[in-house]
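# Architecture and fold: a report
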Amino acid sequence: MLLIPTIIKEIETVLSQVEENQLQNIAVQLQKAKRIFVIGEGRSGLMAKSFAMRLMHLGATVFVVGETITPSIEEGDLLVAISGSGTTKNVVWTAEKTNSLGCSVVGVTTNPESPLAAAATTILHVPAATKYRRENELKTIQPLGSLFDQCAHIVFDTLCLQYSALTQVDHNAAFGRHSNLE
C-alpha cells in the first residue's frame, strides 16, 4: 500500500462531504464579526492557531483563547471552537460560556450531536475519524485524529480564501502583515 495516495484519498473522501456554501456562510460571519477568537486543544489547537495566524495576515482582529494577551470576549465577537470529538472539556466549556455571553460560536467537529455542537450557533461538520474511532466514523490508516486535523487545516485555509475575497485582501496586503522579525 502506498501511504501518501491513501492519505490523500482519505482527505478527499472527507472534504467531498463538506459543503462549500456552508463555508461561504461562515466566511461571511467571520467578516461581520468585530473580533474573532479561536480555541482548540492538542493538534486541533495547533490548527486553530494556524487559522488565527492566517486571519491576522488577512487583516482580521483575531485572538487565541488562553494566550496572555487575549482580551475578554464581547458582543459582536465570534468564537471558532474546534474539537474532533466535540467533547473536549475546555473547548466545550468555552463555547458554552461564549454562547451565554450572547456571542456567536462556530463549532468545528466530526460529531453534530456532540456537546460542542449543542453549544454552537453554527456547526461546521467535518466527517473525519477521531481518536475515539466511533462506529459511524470514516475508517483511516492514520493514528488518532490526524485525518480530522488535516481536513480542518484545509477547511480553514478555504475559509481564509473566501474571507480574503470578501474583504478584498490580496497576497501583497497579506504579505505586508507577515512577520518580518525572522
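Residues numbered from 1 in each chain as written. Predicted model: local features only at pLDDT ≥ 70, side-chain atom pairs only at ≥ 80, totals over all residues. Heavy atoms only, no water.

### Structural notes on the side chain of glutamate 10
With respect to the helices and strands, the residue glutamate 10 is situated in helix α1 (residues 3–15). A distance of 2.5 Å separates the side chain of glutamate 10 from the side chain of threonine 140, its partner in a polar contact. For glutamate 10, the contacting residues outside a window of four places in its chain are Leu138, Lys139, Thr140, Ile141, Gln142 and Leu147. (Helix = DSSP H or I, 4+ residues; strand = E, 2+ residues; numbered from the N terminus. Polar contact = N/O pair within 3.5 Å; in protein donor to acceptor, adjacent residues only side chain to side chain. Contact = heavy atoms within 4.5 Å.)

### Looking at the pairing of strand β1 (residues 36–39)
The alternating pattern of β1 places Ile36 and Val38 on one face and Phe37 and Ile39 on the opposite face, and all of these are buried. The pairing of β1 with strand β2 (residues 62–64) spans three bridges and is classified as parallel. Bridging across to β2, valine 38 finds its partner in valine 64. Taken together, β1, helix α3 (residues 42–57) and β2 form a β-α-β motif whose crossover is right-handed. In this sheet, strand β3 (residues 78–82) lies alongside β1 in parallel orientation, the contact comprising four bridges. Paired with isoleucine 39 across the strands is alanine 81, a residue of β3. (Buried < 20%, exposed > 50% of the residue type's maximum accessible area, 1.4 Å probe, protein only. Pairing = 2+ DSSP bridges. Right-handed = clockwise from strand over helix to strand, strands pointing away.)

### Regarding the packing of aromatic side chains
Here the structure, examined in full by the defined rule, presents two aromatic pairs. Residues phenylalanine 37 and phenylalanine 63 carry aromatic rings whose centres are separated by 5.4 Å and whose planes lie at 35 degrees to one another, so their mutual orientation is tilted. Remark: phenylalanine 63 occurs in strand β2 and phenylalanine 37 occurs in strand β1; sequence separation between them is 26 residues. (Phe/Tyr/Trp six-rings, centres within 6.5 Å; stacked < 30°, edge-to-face > 60°.)

### Here we look at the layout of surface pockets
What the largest pocket holds in volume is close to 340 Å³. In this structure, the largest pocket is lined by 20 residues; those nearest its centre are Glu41, Ser44, Lys131, Gly145 and Asp149. Every element with two or more residues in the lining of the largest pocket is listed here: α3 and α6 (146–167). Here the residues of the lining of the largest pocket sort into six nonpolar, 10 polar and four charged. In this structure, the second largest pocket occupies an estimated 150 Å³ of space. Forming the walls of the second largest pocket are Phe37, Val65, Thr70, Pro71, Ser72, Ile73, Leu79, Trp93, Thr94, Lys97, Thr98 and Leu101. Counting residues per element, the lining of the second largest pocket draws most heavily on helix α4 (residues 89–100), which supplies four residues. Residue classes in the lining of the second largest pocket are distributed as seven nonpolar, four polar and one charged. (1 Å grid on protein atoms, 1.4 Å probe; cavity = no way out; pocket = protein on both sides within 12 Å on 5 of 7 lines; lining within 4 Å. Points joined across faces, edges and corners; volume = space filled by probe spheres on them. Nonpolar A, V, L, I, M, F, W, Y, C, P; charged D, E, K, R; others polar.)

### Things to note about the pattern of salt bridges
According to the stated counting rule, one finds five salt bridges in the structure shown. One salt bridge connects aspartate 77 with arginine 35, and the closest N-O pair in it is separated by 2.7 Å. Residue aspartate 77 is located in the loop between β2 and β3, and its partner arginine 35 is located in the loop between α2 (20–32) and β1; the two are separated by 42 residues in the primary sequence. Like aspartate 77, the residue arginine 35 is buried in the burial classification. (Salt bridge = Lys/Arg side-chain N within 4 Å of Asp/Glu carboxyl O.)

### Here we look at the packing of α1 against α6
At their nearest, the axes of α1 and α6 sit 10 Å apart, and the two run at 60 degrees to each other. Considering the angle they form, α1 stands oblique to α6. Two packed elements cross with a definite hand, and for α1 against α6 that hand is right-handed. Facing Ile7, Glu10, Ile11, Val14 and Leu15 of α1, the residues of α6 in contact are Leu147, Gln150, Cys151, Ile154 and Val155. The class makeup of the residues in the contact of α1 with α6 is eight nonpolar, one polar and one charged. (Axes fitted to C-alpha atoms, helices over the stretch in contact; angles between N-to-C directions. Parallel < 35°, antiparallel > 145°, perpendicular 65-115°, else oblique. Left-handed = near helix turned anticlockwise from the far one by under 90°.)

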